[in-house]
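Spelled out, the chains give:
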Amino acid sequence: MIKIKRTKQPDIAIYNLKNQKLTKAFRDEVLALIDTNSIHFSSFIPRLKDANEKFTKAEKETLQAIAYYGNPAHFANDEKLTKKKAPTFKVYKDSELKEFLKTLFNKKCAYCDSRFLSTSTADIEHFRPKAAFNPFKDNVDEKLLVPGYYWLAADWNNLLWSCVFCNRKNNLDQPNVPGVNPLGKKNRFPLSQEPRRIRSHDKDVKTEKRLLLIMDPCVDDPMKHFSYPVKNDEDLGIVKALIKSNGKPSKKAVASIPIYGLNRTELVIARKEAALDFKSIFMAVLDSIDAFTRKKQAGEDTTEEKERFKFQKDRFNAKLSKSAEYLSMKQFLLEDFKDFPLLNKLGLKIENLID
């Protein structure tokens, strides 16, 4: 995982083309469910009262969700009471939206930072689950509670680009852990104080920020929560919870690692291979500089060494580009590289090699 700065809502049809008509009956139904002091939807009230007003696809779908999930006659005490069929969430599957999310996350999974499109499809992930959620208290799966965060199903700020292994729950193995365990987010969304969870479209979901037990890739800096052991090959590729200044592991990392399945065996293997490759390229950069220095001191032709250095340096920087995998782990590797004897012998700093 790396922190991604989320851009503003994209200028695409589902968000800006107001071509959706609403019946008077539906307008009245939704108006009765939106509080005039609603944090998110009070601005909809005058528009719903205007018979000539049209809405975007995202807005219409959100209002349909409010009409169904926000109706107190349909849900009570975390249970569904109505026999009416739930509205279908479709907006998040929009092809234009998918392209914007793919670009935002540099074609990598928001959670594990893997490039996966050559072998798998992408999931458009809802950070806050849309229809139902699993409180996952103490890392234990619980009964799904309804409704979920239905009013955020089409919200740009709630959508992520994810691989199927991080987004869906699968029984997978992990290094040094017996058997297989259910890993992957699915509907899991734990908070530190369950009674303070926002359950209504009229309330401000931002008040949950301090209660979140899992990391949001567009909010949380993984360098403040994760640690990657890089000193020995045995633990290379594994991610651990960073020990904070109070001597305790990051709570968000402790919860996020199993929920996103960040230590599933195949992912650990992929990170380890990436780490060894990155280290090999770094050593090749240093070797090319050392060879250049020795030849130059001997008065010999250095053309070949210059070309080799440029080639290896370009490879090194490519592994640090925003589209490269496992960038958080590589930051830990760069810190480890600072202690390499040859780097110090050459009088160089890591910063001299990064474009």
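Residues numbered from 1 in each chain as written. Predicted model: local features only at pLDDT ≥ 70, side-chain atom pairs only at ≥ 80, totals over all residues. Heavy atoms only, no water.

Colleague: Account for the side chain of threonine 62, naming residues and giving values.
Modeller: Structurally, the position occupied by threonine 62 is in helix H4 (residues 57-69). On the accessibility criterion, threonine 62 (10% relative accessible area) is buried. Here the side chain of threonine 62 touches alanine 58 through a polar contact of 2.8 Å, landing on its backbone oxygen. With residues up to four places along the chain from it excluded, the contact list for threonine 62 reads Phe41, Trp151 and Ala154. (Helix = DSSP H or I, 4+ residues; strand = E, 2+ residues; numbered from the N terminus. Buried < 20%, exposed > 50% of the residue type's maximum accessible area, 1.4 Å probe, protein only. Polar contact = N/O pair within 3.5 Å; in protein donor to acceptor, adjacent residues only side chain to side chain. Contact = heavy atoms within 4.5 Å.)

Colleague: Give me the lowdown on empty space enclosed by the protein, citing residues and values where you can.
Modeller: Using the criterion set out here, one finds two cavities of 30 Å³ or more in the structure. In this structure, the largest cavity spans a volume of roughly 40 Å³. Every residue along the wall of the largest cavity is listed here: Met1, Tyr111, Cys112, Asp113, Tyr228, Leu262, Arg271 and Tyr326. A breakdown of the residues in the lining of the largest cavity according to their chemical character gives six nonpolar, no polar and two charged. (1 Å grid on protein atoms, 1.4 Å probe; cavity = no way out; pocket = protein on both sides within 12 Å on 5 of 7 lines; lining within 4 Å. Points joined across faces, edges and corners; volume = space filled by probe spheres on them. Nonpolar A, V, L, I, M, F, W, Y, C, P; charged D, E, K, R; others polar.)

Colleague: Can you break down helix H10 (residues 327-337) residue by residue, with the values?
Modeller: The element H10 is extensively covered by neighbouring structure, given that nine of its eleven residues are classed as buried. Looking at H10, one finds that the buried residues are Leu327, Ser328, Met329, Lys330, Phe332, Leu333, Leu334, Asp336 and Phe337.

Colleague: Any chance you could break down the confidence of the model for the chain for me, citing the residues and the numbers?
Modeller: Model confidence for the chain is summarised by a mean pLDDT of 95, while 100% of its residues fall at 70 or above. Mean pLDDT values over the elements of the chain span from 92, in strand E6 (residues 177-183), up to 98, in helix H1 (residues 13-16). (pLDDT = per-residue confidence, 0-100.)

Colleague: An account of the pairing of strand E4 (residues 159-163) is requested, with residue identities and associated values reported.
Modeller: E4 sits mainly inside the fold: five of its five residues count as buried. By the alternation rule, side chains of E4 split into Leu159, Trp161 and Cys163 and Leu160 and Ser162, which are all buried. As defined by bridge partners, strand E3 (residues 122-126) adjoins E4 across five bridges and the pair is classed as antiparallel. Counterpart to glutamate 125 in the pairing with E4 is leucine 160. (Pairing = 2+ DSSP bridges.)

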